Structure formats: structure tokens, C-alpha cells
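# Descriptive analysis of the structure
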Amino acid sequence: MRRHAANSNHHSLTADLLRPVLQTSTTFYVITAVLGSIVLAGFGTWFYQIYYGIGVTGDNWPVFWGFHETNFVFWIGISHAGTLISAILRIVNATWRRPVTRCAEVITAFALMIGAMFPLIHLGRPWLAWWLIPYPSERGLWPNYRSPLVWDFFAINTYLLSSLLFLALPAIPDFALIRDTTTGWRKKLYGKLSLGWQGTPKQWHRLESAMHLMALAIIPIAISVHTIVSFDFSMAVVPMWHSTIFGPYFVVGAIFSGIAALNIVMAIVRKVLQLEKYLQPIHFQNLGKLMLAMSLLWGYFVFNERLVTWYGNTPHEMAALWSTQMGRYSPLFWTMVFCNFILPFPLLTIRKLRSISATVIASVGVVIGMWLERFLIIVPSLSYKGTPYSWGSYMPRWPEIVIFSSSFAAMALLYLLFSKFIPIISIWEMKVGEHPEIKIAAHVQEAEAAGELP
Amino acid sequence: MKAVYGLFATPELAQHAVDGLRQAGIAEHDITIQSSEPLEEYEFGSRDRHTSMPWIAVLGGAIGFAAAYFLTSITQQAWPINTGGMPIVTNWSNTIILFEMTMLGAVFATVLTLLVAARIPGRLPKFYDARISDGSILIGVADLKNIKKMEKVERALQASSVGIQTVGIN
């Protein structure tokens, strides 16, 4: 009886989680085509921008950083959802993490790739980007290790490589499972991807040790990445950038937006792939609580940053500050405050309101709010630099808007394709997590069979 | 050469079979165990736990640190740019590169250790059974040379398995 309970549970788990990989509906092709077209439009616009020059964008004197840099910081921030949260939950051995970790890690991998594209997109001559790569060249061009952009190169690549490995390694046993349960080209493909995985105790121990060690390494790496992204700004003597709290402020903002993105993705995956049984309200509630904590911390940093600037009362900083509080950027600023604080606070604080829908509404608000926050960090400060004769403004043009939109489509497309080829919830980790439940279920069945239960 | 294995539906039965094989005089390292999930709470699933992986990760970190130090300092000395009165080799700002490459070294060393220790990529053994992925646990003995031993193994596995299989391997 107990054997039957355990095996039937395994079968249903495997069948549920492999369904999206093994079955393809027409809707999948339609969505892929739509998203693919938007991504192609983005690439087309980028080529247009390369051909006609960066002047086709709204970037102009004195604001040379606009939408592209906002997108860069935003996507790097979104990437903090995954690997960092997954690593923390692994280390504290939070059992509820199991269905969430891979959903989260995928966000990191793709958000980093998309984010890292934006400095290239912003280059007038992107084919020279490889000059950043440090190697001795005959041209005598050496990278300047004092430059925050070179720090970005190292930090983002370290995080990207670590995150990809952190995502790929626990997928190997799942590849082995697909290898064993399929035939034809899938068997061949997943046979290669599973690298001859057998599931011996030694392999399991080494995999778990490796995951634990990598989780320990990835937490400081993730924190360093967004701290270094903040250095792109805080190392410059520009109003409201040259601040010592920018490091933690950026890290908190990144985790905040990352959790929000994770909530949205989980809700979509749950609905579209019919995984309601695995992605349960408890996961949204726990992530919602974490998001609430980040919302409070974010509010604290915003208040702190603005209070110190106001108290300092230097003319150019005050000009930048007032432009966001009461001037031309104030609608964006107050929308940001609404989205990041006023909206999520009641939805996530009041237990009765903290449903999946409410968490998703709050998360959508936070993603919008955090994009606005990145924009408000970059553009108003560049509009009001130290010399008043060089004050100006920024308005995006269509190329930036198309590329911005296509980055979201790229994220959705990459996520969709990933979930088509790899189970979006780690099957073996779910099985491990089900041990206690299987035991309880088996005991209940045994008790029922013995007539011990009414 | 022959190999014999049995498939077991629950970890308890698998544990029983492993105990039986030990009693039959089969050496620990000759017993093959395969499962579709880690079963560390059982004695048979917790063998081979010892690993030097953390120390190798530290060593990898040290190598990454040294590589970063040489990369930054040699590069800066080879193309000395005097910026704002800062020293040519700017150790403070190089700390960021040193940190990132140290962590990357540790991560690479961890992954390399996993690949070597877990012998992946590798080939599946001839007695691998795809039913493992259905939740069964494989307990078997490869390298069986003499018939007497094989009978003992079959008896030990027969007791509780859902079926045993004898395969020829070379």
C-alpha cells in the first residue's frame, strides 16, 4: 500500500512537471511567433540606430544616458530575484523553496543576458566592445582597471557564469529523467545533456555539496554585482549620485524588483502550465512578506537619500532634487512612490488581502515603480549637473521605446523556450521535498486499510 | 563477466537488500546503488559522503585571486597611466577585480571537482535500468566472476526486489 502511494505520487509529479516539455500546443507556437516578432523588431531598431548613429535616440547633451542605461540597471536588478534568493533559501534549508528555485534562477540568467546587452546597444560602435576585454594587445590598448565599466564587465560576467552553472548543474538529474522516460530525438538529446548521470549516492552527495558551496559563493557575488552597478553612478561627482548609500540602496532595490518579477513569472507559469498544485499560495505569501520587507527598506533609503540632499542644500543638487519632487519629473516620482510603497504596503501587510492576485498586483506595481526609480536616478541628475549653463532635459524617441519593449518580449520568449525544453520546477528536488508527505500519506492509507481511521 | 541487479520500490527494501549483500560477503565498493533522488536519510544512501570539495574551492579561490593580482598589476605596469596622482598599480580599486576573480575561481574549482568526483560526463553502465526514473532503486553487483557468489547475490536481491536482472558486461 505504502509502496503504491509513493510510486503513484512520483508518477503524477513526473507527469505533471514533464507535461510542458513533452506536449506542445498551437498556442505555444503563436506566442513564440508574436514574441519573436517583437524581439526581431528590437534588433531591427538596433541596426537602424547603428546605421544612422546614436543621434536617432533621445540621448543628447547634457543627458547622454537615458532609456538604455535605465534598462541596463533595471534588468541587472531584476536578475537579483533568482540566484540570490535561491542561494539564500538553499543555505537556510527552507523546504518551501523547492518549486521556486528554478523559476527564479532562470530569471537571473536571462535578465543578466538582456541587461548586459544594453551597454552594447548604447555604444555608437558596438563592434569595438571587445576592447573592454583585458588582454595584452599589439595596439597598446589596455583596459583601465580603475573604470567602473571594467568592474561591471568582471562583476556581471562572474555573476552570469556562476548563475548559469548554478542553474545547469541541478538540471542534470532531470535531464537523466527525461532521457529515461522518452524515446527518439528527445532520448538522444537529453541523453547527451544528462552527461551519463546514474544517480549513485556519490553523485548525489557531490552535487548537493557543490550546490551548497556555490550558494555560499553566489550570495556575495550577487551583492557585489549591484553594488558595482551603483558605482557606475556614485563614483561620479554628479548631483545626487555621489552618495555612500548607493551600494546598499541599489542592492535593496534590486532584490525588491527581483522578487516582484519572480512573483509575476510564477503566477504566469502556474496558470499557463497548470502547476497550481506545486506553486501554492504559501509561496506567494512568503515571497510577499520578503517583498514587504524590501519595500520598507527601499522607502527608508529613498527618504534618507533625499533628506541628506535637502539638508546639504547645494544649488545644483537642490535643482535635481526639486525637479523630482515638484518639477518636471515629479509625476514620475510620485507614481514611483505609489507603486513601490503605497500600493504594496496594504496589499502585503493585511493578511486577508495577501492573496496570489494581490501579490501579483503589488508586484506589477513594484516592477513599474522600480523601472521609474532607475530612470529618476539617471536622468534628473544628468539634467542638472554642476554647471547651470549645461542644464537640459531628456525625452525618449521611438528607437528607445521599441528596444525597451522588445527587451520584455525577449525575457518572455527566452523563459517560454526554456520551459519548453527543461522542466521549470526541479523534479528531483520536488521528490526529495515530498518524502515526509509520502510517508504521511502512506501511513494514512495504511491506517485506513487497517480500519484505524473513521 | 556478469552483473546482477534488483529494483526496489522503497528505500526500506533497498536498505534490506544492501544489508543482505553485505551478509553474503559482498564488499561495500562492489555494491552499486542508483536512484532518481538523493536518499541521505538511509544508511545505504549516505555512503561516500566525505569530500575535499570545500578545500578545493578555497584553493580555486586562491588561484583566482593570484591570477587577478597578476593580470591587474602587470597590465597597469605595462601601460602606466598616471591618473589624478594615484599610484600606477591601484590596489584599492583593483580589489573589485580581485574579489570577482577569487569568487569565480572558487566556483570553477567547485564545478570541476563535481565533474571529476561524480565522473560526469561519462557513459551509462551496461546494467543501468531506466525504471530508476520511475522511482525504483537499483541495487546490484557488477564484476561477478564466480557462480557461487552470483547465487548468493541473487538470493539477497530476490528477497525483496520487484525483479532481478542478470546482464553480461564486458
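None of the values given here were measured: they were computed from a predicted structure. (Residues numbered from 1 in each chain as written. Chains lettered and ligands numbered in written order. Predicted model: local features only at pLDDT ≥ 70, side-chain atom pairs only at ≥ 80, totals over all residues.)

Before going further, it helps to examine the overall build of chain A. A tally of helices and strands in chain A yields 17 helices and zero strands. Since a compact globule built from 454 residues should have a radius of gyration of about 22 Å, the 24 Å found for chain A is in line with a globular shape. When the backbone C-alpha atoms are referred to their principal axes, chain A occupies close to 85 × 55 × 40 Å. Counted over contacts in chain A with a minimum sequence separation of 6, partners at least 24 positions apart contribute 81%. (Helix = DSSP H or I, 4+ residues; strand = E, 2+ residues; numbered from the N terminus. Rg over C-alpha atoms; globule rule 2.2 N^0.38 Å. Contact = placed C-beta atoms within 7 Å.)

The helix and strand tally for chain B stands at four helices and four strands. Listed by position from the N terminus, the elements making up chain B come as β-α-β-α-α-β-α-β. Within chain B, buried positions represent 39% of all 170 residues. (Buried ≥ 20, exposed ≤ 12 C-beta atoms within 10 Å, placed from the backbone.)

Looking now at the domain arrangement of chain B. Domain parsing of chain B yields domain 1 (2–50 + 125–168) and domain 2 (53–117). Taking only C-alpha atoms into account, the centre of domain 1 of chain B sits 46 Å from that of domain 2 of chain B. (Domains from an automatic or database assignment.)

Residues and elements named next belong to chain B. Scored by pLDDT, chain B comes out at a mean of 85, with 89% of its residues at no less than 70. Within chain B, helix α3 (residues 91–117) carries the highest mean pLDDT (95), whereas strand β4 (residues 164–168) carries the lowest (67). On the interface metric, ipTM, the complex scores 0.91, and its pTM is 0.89. (pLDDT = per-residue confidence, 0-100.)

Bringing the interface of chain B and chain A into the picture now. Contact with chain B, which involves 54 residues of that partner, is made by 50 residues of chain A. Taken together, the elements giving at least two residues each to the side of chain B that touches chain A come down to β2 (31–34), α2 (53–78) and α3 of chain B. When grouped by side-chain class, the residues that make up the side of chain B that touches chain A number 29 nonpolar, 18 polar and seven charged. (Nonpolar A, V, L, I, M, F, W, Y, C, P; charged D, E, K, R; others polar.)

Here we take up the nonpolar core. In this structure, Ile107(A), Phe256(A), Ile259(A), Leu262(A) and Met291(A) are the most contacted members of the largest nonpolar core, which totals 139 residues. The contact partners of Ile107(A), leaving out residues within four places of it in the chain, are Ile78(A), Ser79(A), Ala81(A), Gly82(A), Ala261(A), Leu262(A) and Val265(A). Judged by nonpolar contacts, the second largest core, of 22 residues, contains Leu21(B), Tyr128(B), Ile139(B) and Val141(B). (Core = buried A, V, L, I, M, F, W, Y, C linked by C-beta atoms within 7 Å.)

A few words now on the environment of Phe65(B). Residue and element names in this part refer to chain B. As for its position among the elements, Phe 65 is in helix α2. The class for Phe 65 is partly exposed, based on 17 C-beta atoms found within 10 Å. Between the C-alpha atoms of Phe 65 and Thr 102, which are 37 residues apart in sequence, the distance is 4.5 Å. The contacts of Phe 65, once residues within four sequence positions are left out, are Leu 98, Met 101, Thr 102 and Gly 105.

All names here are of chain A. Cis geometry is found at the peptide bond from Trp 61 to Pro 62, where omega equals 5 degrees. Mapping Pro 62 onto the fold places it in the loop between α2 (26–52) and α3 (67–78). We note that Asn 93 has phi near 55 degrees; this positive angle belongs to a residue other than glycine. Tracing the backbone shows Asn 93 in the loop between α4 (82–91) and α5 (98–122). With 8 C-beta atoms packed within 10 Å, Asn 93 lands in the exposed category. With a phi angle near 55 degrees, Gln 274 is a residue other than glycine that sits in the positive phi range. One can find Gln 274 in the loop between α10 (246–272) and α11 (281–312). What makes Gln 274 exposed here is the crowd of 12 C-beta atoms within 10 Å.

It is worth spelling out helix α16 (residues 398–421) of chain A at this point. In a regular helix each residue adds 1.5 Å, so 24 residues correspond to 34 Å; α16(A) covers 34 Å between its end C-alpha atoms and thus fits that length. Every buried residue belonging to α16(A) is among Pro399(A), Glu400(A), Ile403(A), Ser406(A), Ser407(A), Ala410(A), Met411(A), Leu413(A), Tyr415(A) and Ser419(A), and all of these are buried. (Expected span 1.5 Å × (residues − 1).)

Our next topic: the packing of helix α9 (residues 201–234) of chain A against α2(B). Two numbers describe how α9(A) lies on α2(B): the axes approach to 10 Å, and their chain directions differ by 40 degrees. Taken together, the axis directions place α9(A) and α2(B) in an arrangement best described as oblique. Read as a crossing pair, α9(A) and α2(B) show a hand that is right-handed. Between α9(A) and α2(B), the contacting residues are Ser209(A), Ala210(A) and Leu213(A) on the first element and Met53(B), Pro54(B) and Ala57(B) on the second. (Axes fitted to C-alpha atoms, helices over the stretch in contact; angles between N-to-C directions. Parallel < 35°, antiparallel > 145°, perpendicular 65-115°, else oblique. Left-handed = near helix turned anticlockwise from the far one by under 90°.)

Per-residue confidence for chain A gives a mean pLDDT of 89, with 92% of residues at or over 70. Summarising per-element confidence for chain A, the mean pLDDT is lowest in helix α17 (residues 427–449) of chain A (63) and highest in helix α13 (residues 330–342) of chain A (97).

All names here are of chain A. Across the interface, α3 lies against α9 with an axial gap of 10 Å and an inter-helix angle of 165 degrees. In this view, α3 runs roughly antiparallel relative to α9, as classed from their interaxial angle. By crossing handedness, the relation of α3 to α9 is classed as left-handed. Where α3 abuts α9, its residues Val 73, Ile 76 and Gly 77 lie against Val 225, His 226 and Val 229. Split by residue class, the contact of α3 with α9 holds four nonpolar, two polar and no charged.

Moving on: α4(A). What sets the pattern is the α-helix's 3.6 residues per turn: residues three or four places apart point alike. Residues and elements named next belong to chain A. The buried fraction of α4 is high, at eight of 10 residues. For α4, the full list of buried residues reads Gly 82, Thr 83, Leu 84, Ile 85, Ser 86, Ala 87, Leu 89 and Arg 90. Residues of α4 that are buried make contact with α5, α6 (148–168), α9 and α10. Residue Asn 93 follows α4 closely and has a positive phi angle near 55 degrees.

So, on to the environment of Tyr190(A). All names here are of chain A. Looking at where Tyr 190 falls in the secondary structure, it is placed in helix α8 (residues 184–193). Once the C-alpha coordinates of Tyr 190 and Ile 172 are considered, the two residues, 18 residues apart in sequence, prove to be 9.1 Å apart. Excluding residues within four positions of it along the chain, Tyr 190 makes contact with Phe 175, Ile 178, Arg 179 and Thr 182.

Residue and element names in this part refer to chain A. Summarising the element assignment, Ala 260 is placed in helix α10. A tally of 32 C-beta atoms within 10 Å means that Ala 260 is categorised as buried. Between the alpha carbons of Ala 260 and Val 360 there is a distance of 7.7 Å; along the sequence they are 100 residues apart. Those residues in contact with Ala 260 that sit more than four places away from it in its chain are Met 291, Ser 363, Val 366 and Val 367.

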